[in-house]
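Geometric and topological summary
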Amino acid sequence: MTPHTRRAALAAALALSASLAHAADDPIKVGFMLPYSGTYAALGTAIENGFKLYVDEQGGKLGGREVAYYKVDDESNPAKAPENASRLIKRDQVDVLVGTVHSGVAMALTKAAKDADTTLLVTNAGADAITGPMCGLGVFRTSFSNWQPAYAMGPVAAKKGHKTAVTITWKYAAGDEAVAGFREGFEKSGGKVVKDLSLPFPNVEFQPLLTEIAALKPDMVFTFFAGGGAVKFVQDYAAAGLNKSIPLYGSGFLTDGTLQAQGPSAQGLLTTLHYADGLDTPRDNAFRAAYGKAHPNMAPDVYAVQGYDAAQLLQVGLAAVNGDVSRKAAMRQAMRGAAIDSPRGRFTLSKAGNPVQDIYLRQVDGLQNKAIEVAARQLADPARGCRL
Ligand code: PHB
């Protein structure tokens, strides 16, 4: 080496170590792509609250590094999803993406995350494809697949003696897949779905469909609605008097985060979900106390839990690489193998990156979705079409 090249090499090494040191001091950039407006606005807020609660409990750090947040309101609008995802990926250059609620938006987000090789933590949207045909090593879900809670309701409803069911939902991936999951579980158990009713997302003109249900007189109705739309559907179902003649069942989103607004119209409803009130475990009690302290006017719900667990999962990954997010493969491998001590109960991730978890049967009692029993123990999504 000539003195000249030696000096150049030294300078380069110094510059590199300076930039590495700088990178380690920089905060981890977390991009929230969530709905902060529209029918799912409250869900987005709960997810963010849950995520931040866990980070705050770690002294504001994950993997030894501060966390900086970047936010986009995705409006639950799939048409705007590619542009919104690009804001976080290209403009803000986030290290990790966290989102979202709406299945259609989440599928576009997953595509964008995979194209950019940015790690994605899906904190609600159940689109079966995300941990099915679209699965990837950098794609994780801390919520559920649309199939999971709906499938679990099938045998429960059949065991109650119901032979015929009508389904009603919004016409998009979440509704279609929840209905398909319920049908699979119900018909396997001897029941028959006699009619599928739907309306476009996020419409709430339920009246003509309720009239049709009254005329069809099925033994029961199965539904997927969530957020603001779920509040109105449960109220309208009761106002039409149908709650007296045809029992209503659903994925638990129907009554999660909505009971305050639904009031008496929701009393007694049975739903299946991967979270419930009254679990009464030390882990859940601690989470609920901390959430209540941070947000005195908000009840802890499934969305808050999913956000909280996304932060827990990220912590596992970042701890494994000492906060060095550039070590993507090692970080992702640690995350895939994680066992999360969730307020919902312990869960692991399937090969496809979806929680393998208990699904609870719950009943509305006052302002609570009280746990009654475990409807399906450690239920894994079939991950149809995932080639990992
Ligand atoms: C979805 O679009 O996947 C979705 C939205 C709201 C929920 C559950 C699932 O509460």
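I will try to describe carefully the structure that is included in this document. (Residues numbered from 1 in each chain as written. Predicted model: local features only at pLDDT ≥ 70, side-chain atom pairs only at ≥ 80, totals over all residues.)

For the rest of this paragraph, the subject is the overall build of the protein chain. What the protein chain contains, in helices and strands, is 13 helices and 15 strands. Its C-alpha atoms give the protein chain a radius of gyration of 22 Å, within 12% of the compact-globule value 21 Å for 388 residues. The proportion of buried residues among the 388 residues of the protein chain is 51%. Of all intrachain contacts in the protein chain linking residues separated by at least 6 positions in sequence, the fraction that spans at least 24 positions is 72%. (Helix = DSSP H or I, 4+ residues; strand = E, 2+ residues; numbered from the N terminus. Rg over C-alpha atoms; globule rule 2.2 N^0.38 Å. Buried ≥ 20, exposed ≤ 12 C-beta atoms within 10 Å, placed from the backbone. Contact = placed C-beta atoms within 7 Å.)

Let us now look at the site of the ligand. Taken together, the residues surrounding the ligand are Y40, V101, H102, S103, N124, A125, G126, A127, N146, A174, A226 and F253. Split by residue class, the shell around the ligand holds seven nonpolar, five polar and no charged. Taken together, domain 1 (28–144 + 278–353) and domain 2 (147–273) each give at least three residues to the shell around the ligand, which thus spans both. (Near = placed C-beta within 6 Å. Nonpolar A, V, L, I, M, F, W, Y, C, P; charged D, E, K, R; others polar. Domains from an automatic or database assignment.)

Time to look at helix α11 (residues 282–294). Look at α11: 18 Å from first C-alpha to last across 13 residues, which is about the 18 Å you get at 1.5 Å a residue. Within α11, the full set of buried residues consists of D284, F287 and Y291. Viewed along the axis of α11, the buried residues span an arc of 60°, placing them on a single side of the element. Along α11, exposed side chains directed more than 90 degrees from the buried face belong to P282, N285, A286, A289 and K293. (Expected span 1.5 Å × (residues − 1). Arc of directions from axis to C-beta.)

With mixed pairing, the six strands of this open sheet are ordered in space as β2-β3-β1-β4-β5-β6. Lying at the two open borders of the sheet, with one neighbouring strand each, are β2 (61–62) and β6 (139–141). Here strand β5 (residues 119–122) runs beside β6; their pairing, made up of three bridges, is parallel. Its bridge partner lying in β6, L120 is registered against V139. (Pairing = 2+ DSSP bridges.)

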